[in-house]
Amino acid sequence: MSTVYAEAKEASPAAVELSGADRFVQKTYFPTLIFQNDVEGSVHLNRTLLDLTYSERELGVAVNKSNTAELGSWHSATSLHKNPAYEPLLTEIDLTLSRISEELCYAKDQVLKVTSMWSIINPPGNGNRAHCHPNSLWSGCYYIQAPKGAGSIEFIDPRTVIIMNQPKYEDKNKRPREVLTKVSFKPIPGRMVLFPAWLYHGVAPNMSEEKGRAGDRVIIAFNINQVKK
């Protein structure tokens, strides 16, 4: 495996006379990228996906992974991307993946594609344990239904060394984004969140007070890899 190094070249102090405002510069390297995309006109799409998800559960196929199945959470099989009924959602995902490939200057002979996809129903009291997604490049989730209190997805700083000696801040709520050790995204129907598959994440318990199916947090999750065009 070859490693590419980008040299951060600086002008010699003797060559450039810097003003006071230019002497102190912050530079950000090795960031963890998280993309968010809100699907336009998602109301009709979500109604269809909600019906598909409950129909899938009625088939009796269930997988126990990060979900809390012992508390009633349900996780479908991981092959939904092969079902033509989900094509409208896959079209939206592909448009987002195309944008990511362009933003990150990925190889032109490769394309990002969904390689596995599944749905999760978290009734009140249910969440997802912290986990990551091996053997994938990116992962993502799409929110179909998210009542008030449904439970946010939380991402954890991958730099474990940071917990060894944490600084104290004047106001933890006003820290710069670059120094956060946890970040959460509120579930909003029609929203898609994509993140590196290696990034540990979990879902807070669904605290909705809605009754019946209206209280369920319903999503579709997926894994992504580059494939040859």
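Just above, that's the structure.
Keep in mind the model is a prediction, meaning the values are calculated, not measured. Every chain begins its residue count from 1, and numbering advances along the sequence as written. Only residues with pLDDT of at least 70 get local features here, since the model is predicted, and only at 80 or more are side-chain atom pairs given and counted; chain-wide, interface and lining totals rely on the full set of residues. Working from all heavy atoms in the structure, the side-chain values ignore hydrogens and water.

Turning our attention to the nonpolar core. As used in this record, nonpolar core signifies buried Ala, Val, Leu, Ile, Met, Phe, Trp, Tyr and Cys residues forming a set joined through side-chain atoms within 4.5 Å. Here the term buried applies to any residue with accessible area under 20% of the maximum for its type, exposed to any over 50%, and partly exposed to those in between, with areas from a 1.4 Å probe on protein chains only. Counting 26 residues, the largest nonpolar core has I93, M117, Y142 and F222 as its most contacted members. Helical segments are the DSSP runs of H or I of at least four residues, strand segments are the runs of E of at least two, and each set is numbered from the N terminus. Among the elements of the structure, α2 (42-58), α3 (87-103), β3 (110-122), β5 (138-145), β8 (191-196) and β10 (217-228) are those that each provide at least two residues to this core. For this core, the element with the most residues is α3, which contributes five residues. Here, two residues are considered to be in contact whenever any of their heavy atoms come within 4.5 Å of each other. Ignoring anything within four residues of it in the chain, the contact list for I93 reads V114, M117, M192 and F222. Judged by nonpolar contacts, the second largest core, of 13 residues, contains W118, I120, C141 and F155.

Bringing the layout of surface pockets into the picture now. Space inside and on the surface of the protein is sampled on a 1 Å grid over the protein atoms alone, with a cavity defined as a set of points where a 1.4 Å probe fits but cannot get out and a pocket as an open set with protein on both sides within 12 Å along at least 5 of 7 lines; lining residues have an atom within 4 Å of a point. Grid points are joined across faces, edges and corners, and a volume is the space filled by probe spheres set on the points. By volume, the largest pocket is sized at about 730 Å³. Contributing to the lining of the largest pocket are 20 residues, with P31, T32, L33, R177 and E178 lying nearest its centre. Looking at the lining of the largest pocket, the elements that each hand over two or more residues are β6 (153-156) and β7 (182-185). The element that contributes the greatest number of residues to the lining of the largest pocket is β7, accounting for three residues. Class assignment for the residues of the lining of the largest pocket results in twelve nonpolar, three polar and five charged. Residue polarity follows a fixed list, in which Ala, Val, Leu, Ile, Met, Phe, Trp, Tyr, Cys and Pro are nonpolar, Asp, Glu, Lys and Arg are charged, and the others, Gly among them, are polar.

The pairing criterion is simple: DSSP has to find at least two bridges between the two strands. Spatial ordering of the open sheet is given by β4-β9-β6-β7, a layout of four strands whose pairing is antiparallel. The sheet terminates laterally at β4 (128-131) and β7, the two strands that pair on one side only. The average undirected angle you get between the axes of adjacent strands in this sheet is 20 degrees. With three bridges joining them, β6 and strand β9 (residues 201-203) adopt antiparallel strand pairing. Considered in β9, the bridge of F155 is made with H201. Only the stretch in contact is used when fitting a helix axis, every axis being a line fitted to C-alpha atoms; angles between N-to-C directions are given from 0 to 180 degrees.

Moving on, we get to α3. Helices are assigned an expected span. That span is 1.5 Å times one less than the residue count. With 17 residues, α3 ought to run about 24 Å at 1.5 Å a step, and its terminal C-alpha atoms sit 24 Å apart, in line with that. Where α3 is concerned, the buried positions are L89, L90, I93, T96, L97, I100 and S101. One face of α3 carries all of its buried residues, which in axial projection span an arc of 145 degrees. Exposed residues lying more than 90 degrees from the buried face of α3 are L95, R99 and E102. Its buried side turned inward, α3 meets β1 (35-38), α2, β3, β5, β8 and β10. Following α3 by one or two positions, C105 has its phi on the positive side, about 55 degrees. This arc is built from the directions going out from the helix axis to the C-beta atoms.

On the surface, V161, I163 and M164 cluster together into a nonpolar patch covering about 370 Å² of accessible area. Following the sequence through the fold, V161 ends up in the loop between β6 and β7. Exposure above 30% relative accessible area and the absence of a salt bridge qualify a residue for a patch, where like charges join within 9 Å and nonpolar side chains (Val, Leu, Ile, Met, Phe, Trp, Tyr) within 5 Å. Using the Shrake-Rupley algorithm and a 1.4 Å probe, accessible areas are obtained, with residue cover drawn only from the displayed protein chains. The rule for a salt bridge is simple: a side-chain nitrogen of Lys or Arg has to be within 4 Å of a carboxyl oxygen of Asp or Glu.

Taking 1.5 Å of rise per residue, 17 residues should cover 24 Å, and α2 covers 24 Å from first to last C-alpha, within 8% of that figure. Those residues of α2 that fall on the buried side of the exposure criterion are S42, L45, N46, L49, L50, T53, Y54 and E56. Down the axis, α2 shows its buried residues gathered within 160 degrees of arc, on one side only. In this structure, α2 carries H44, R47, D51 and E58 as exposed residues pointing more than 90 degrees from its buried face. Among the residues trailing α2, G60 stands out with phi positive, at a value near 90 degrees.

All right, on to the pattern of salt bridges then. Under the criterion given, the structure shown has seven salt bridges. With a closest N to O distance of 3.1 Å, R99 and E103 form a salt bridge. Taken as a pair, R99 and E103 lie in helix α3 at a separation of four residues, close to a single helical turn. Overall, R99 belongs to the exposed group, its relative accessible area being 52%.

This next bit is on unusual backbone geometry. Unlike most non-glycine residues, F30 shows phi in positive territory, near 55 degrees. Positive phi outside glycine occurs at N135, with the angle close to 65 degrees. Relative to the helices and strands, N135 is located in the loop between β4 and β5.

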